[in-house]
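Coordinates in review
For reference, the chains in residue letters:
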Amino acid sequence: MRALVQRVTRASVRVDGEVVGAIDGGLCILVGVTHADTPADAEKLAAKVHGLRVFDDDAGVMNLSLAETGGSALVISQFTLYGDVRKGRRPSWVAAARPEHAEPLVAGFADALRQLGTSVQTGVFRADMAIELVNDGPVTLLVEVPSQ
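Below is a summary of the structure that appears in this document.

Notes on the nonpolar core
Ranked by internal contacts, the top residues of the largest apolar core, which has 29 residues, are M1, I29, V75 and F109. Looking at this core, the elements that each hand over two or more residues are β1 (2-15), β3 (26-32), α1 (39-51), β6 (72-77), α3 (99-115) and β8 (129-144). Here the element with the most residues in this core is α3; it accounts for 7 residues. By size, the runner-up hydrophobic cluster in this structure holds 9 residues, among which are I23, C28, L30 and L81.

In structure tokens form, the structure reads like this:
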């Protein structure tokens, strides 16, 4: 599983013009799933993201995590994180998991973050979503856990 994690001062996601998820300070997390990923991978990725020290402490050093700041998370499914553009100009989606495999794992990732104490908002799986965010820093990291 992969997550593109962005530290944000605010973020929201709209479907058909309606806000379906919004947060103030925290992390906007785009989550991609590949074929071999499991529920254990979703939990491992959630723990990794929850503990990422990407928020400033009193000295202005990135030493704090969601766990320590009480920030929120906006979790959005993003199959294009597994797009392969090594050949040609058109991405290949072969590595991206089918929706029936990916949807429960993205939901499991969000649930695992909730169980760790994070307030979580989500997008709508397979919907055409419009995401607005203010990237703070900017801080953007690609986090990946290997399939078990």
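Back to the write-up after that little detour.
Brief notes about α1
Given a rise of 1.5 Å per residue, 13 residues ought to cover 18 Å, and the 19 Å separating the end C-alpha atoms of α1 matches this to within 8%. Among all positions of α1, only D41, A42, L45, A46, V49 and H50 are buried. Buried residues of α1 fall within an arc of 165 degrees about the axis and therefore sit on the same side. Contacts from the buried residues of α1 go to β1, β3, α2 (66-69), α3 and β8.

Quick word on α3
With 17 residues, α3 should reach 24 Å at 1.5 Å per residue; the first-to-last C-alpha distance of 24 Å fits that figure. Turning to α3, its buried residues are P99, A102, L105, V106, F109, A110, A112 and L113. Buried residues in α3, looked at end-on, bunch into an arc of 160 degrees, giving them a common side. Seen from the open side of α3, the exposed residues pointing more than 90 degrees away from its buried face are E100 and Q115. Each element contacted by the buried residues of α3 is listed here: β3, α1, β6 and β7 (120-122). One or two steps after α3, the chain reaches G117, where phi turns positive at roughly 105 degrees.

How each quantity is defined
- Residues numbered from 1 in each chain as written.
- Predicted model: local features only at pLDDT ≥ 70, side-chain atom pairs only at ≥ 80, totals over all residues.
- Heavy atoms only, no water.
- Core = buried A, V, L, I, M, F, W, Y, C linked by side-chain atoms within 4.5 Å.
- Buried < 20%, exposed > 50% of the residue type's maximum accessible area, 1.4 Å probe, protein only.
- Helix = DSSP H or I, 4+ residues; strand = E, 2+ residues; numbered from the N terminus.
- Expected span 1.5 Å × (residues − 1).
- Arc of directions from axis to C-beta.
- Contact = heavy atoms within 4.5 Å.

It is worth stressing that arrangement in space is one thing and function is another; only the former is reported here.
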